Amino acid sequence: MQRTYHKTIVIHPHTGQFVINELPTLVLCGTVWVYGGMEGLPLTAIATVIALMLSLLLLYRYLYLRRIRYCIGTEQLVSEYGIIRRKVDYMELYRIVDFQEHQSLLQQLCGLKTVRILSMDRNTPRLDLIGIFHRDDLVSIIRERVETNKRKKGIYEITNH
């Protein structure tokens, strides 16, 4: 019996995904900082406080995105995320049934994409791998590992076509 060993692939979302996700908040935060820094205008102190809170929110969301990690192993796809409370989701590769790739307009401009993985897993029926480089062909890598695991476990799909 031939054994196939695959190297574990570790992927982090690209930092550009932060800008894509938070563009309206970034623009609003910058605008409020500018307004809060102007002298002689009403409510500049409140604007400065709001800008500070928006900045802290953006910092949290940036750190959250940077702490996301996807590990594609030989038998599982592991998703780790969170800052204060880390959460780890495990998806057995043999349970994966379908893939989707999509790009928003901003993702297209930045050369990024989102890979959606659909599975029969009860805890994680859908997993979005966000901020992946467009040129990275993750779907074929994961598909190959899924098929290897299904063959190893003797799982065959039956369709009505």
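Computed from a prediction, not measured in an experiment: that's the story for all the values here.

### Thoughts on the sheet that holds strand S3 (residues 76-81)
Sheet strands pair via backbone hydrogen bonds, and the direction of the pair is either parallel or antiparallel. Reading across from one edge, S1-S2-S3-S4 is the order of the 4 strands in this open sheet, with antiparallel pairing throughout. Strands at the two margins of the open sheet, each flanked by one partner only, are strand S1 (9-11) and strand S4 (87-92). Across the sheet, the axes of successive neighbouring strands diverge by a mean angle of 15°, strand direction being ignored. Sheet topology note: the S3/S4 ladder contains 6 bridges and is antiparallel. Within the sheet, the bridge partner assigned to glutamate 80 lies in S4 and is valine 88.

### A few points about the pattern of salt bridges
For the coordinates displayed, the defined rule picks out 7 salt bridges. Among the ionic pairs, arginine 86 bridges to glutamate 80, the shortest N-O distance being 3.5 Å. In this structure, arginine 116 engages aspartate 128 in a salt bridge whose closest nitrogen and oxygen atoms are separated by 2.8 Å. Taken together, the positions of arginine 116 in strand S6 (residues 112-119) and aspartate 128 in strand S7 (residues 126-133) put the pair 12 residues apart, joining distant regions of the chain.

### Some words on the domain arrangement of the protein
We note that the domain assignment places domain 1 (14-63) and domain 2 (70-151) within the protein. Averaged C-alpha coordinates put domain 1 and domain 2 at centres separated by 32 Å. Each side of the interface is counted separately: domain 1 has 8 residues, and domain 2 has 9 residues. Counting each side, the surface lost to burial between domain 1 and domain 2 is near 740 Å², with a carbon and sulfur contribution of 77%. In this assembly, domain 1 and domain 2 are joined by 0 salt bridges. On the surface where domain 1 and domain 2 come into contact, there are 3 residue pairs in polar contact (both at pLDDT 80 or more). Residue contributions to the side of domain 1 that touches domain 2 peak at 5 residues, all from helix H1 (residues 16-37). Tallied by class, residues from the side of domain 1 that touches domain 2 come to 4 nonpolar, 4 polar and no charged.

### Re the nonpolar core
Leu77, Ile96, Phe99, Ile117, Leu129, Leu138 and Ile142 are the most contacted members of the largest nonpolar core, which has 23 residues in total. Only H1, helix H2 (44-66), strand S2 (69-72), strand S5 (96-102), S6, S7 and helix H4 (138-153) provide two or more residues apiece to this core. Here this core takes 4 residues from H4, the largest share from any one element. Of the residues that make up this core, three or more belong to each of domain 1 (14-63) and domain 2 (70-151). Excluding its chain neighbours within four sequence positions, the residues that come into contact with isoleucine 117 are Leu77, Met91, Ile96, Asp98, Phe99, Pro125, Arg126, Leu127, Leu129 and Ile142.

Cut-off values and rules
- Residues numbered from 1 in each chain as written.
- Predicted model: local features only at pLDDT ≥ 70, side-chain atom pairs only at ≥ 80, totals over all residues.
- Heavy atoms only, no water.
- Pairing = 2+ DSSP bridges.
- Helix = DSSP H or I, 4+ residues; strand = E, 2+ residues; numbered from the N terminus.
- Axes fitted to C-alpha atoms, helices over the stretch in contact; angles between N-to-C directions.
- Salt bridge = Lys/Arg side-chain N within 4 Å of Asp/Glu carboxyl O.
- Domains from an automatic or database assignment.
- Contact = heavy atoms within 4.5 Å.
- Buried area = accessible area lost by both parts, 1.4 Å probe.
- Polar contact = N/O pair within 3.5 Å; in protein donor to acceptor, adjacent residues only side chain to side chain.
- Nonpolar A, V, L, I, M, F, W, Y, C, P; charged D, E, K, R; others polar.
- Core = buried A, V, L, I, M, F, W, Y, C linked by side-chain atoms within 4.5 Å.
- Buried < 20%, exposed > 50% of the residue type's maximum accessible area, 1.4 Å probe, protein only.

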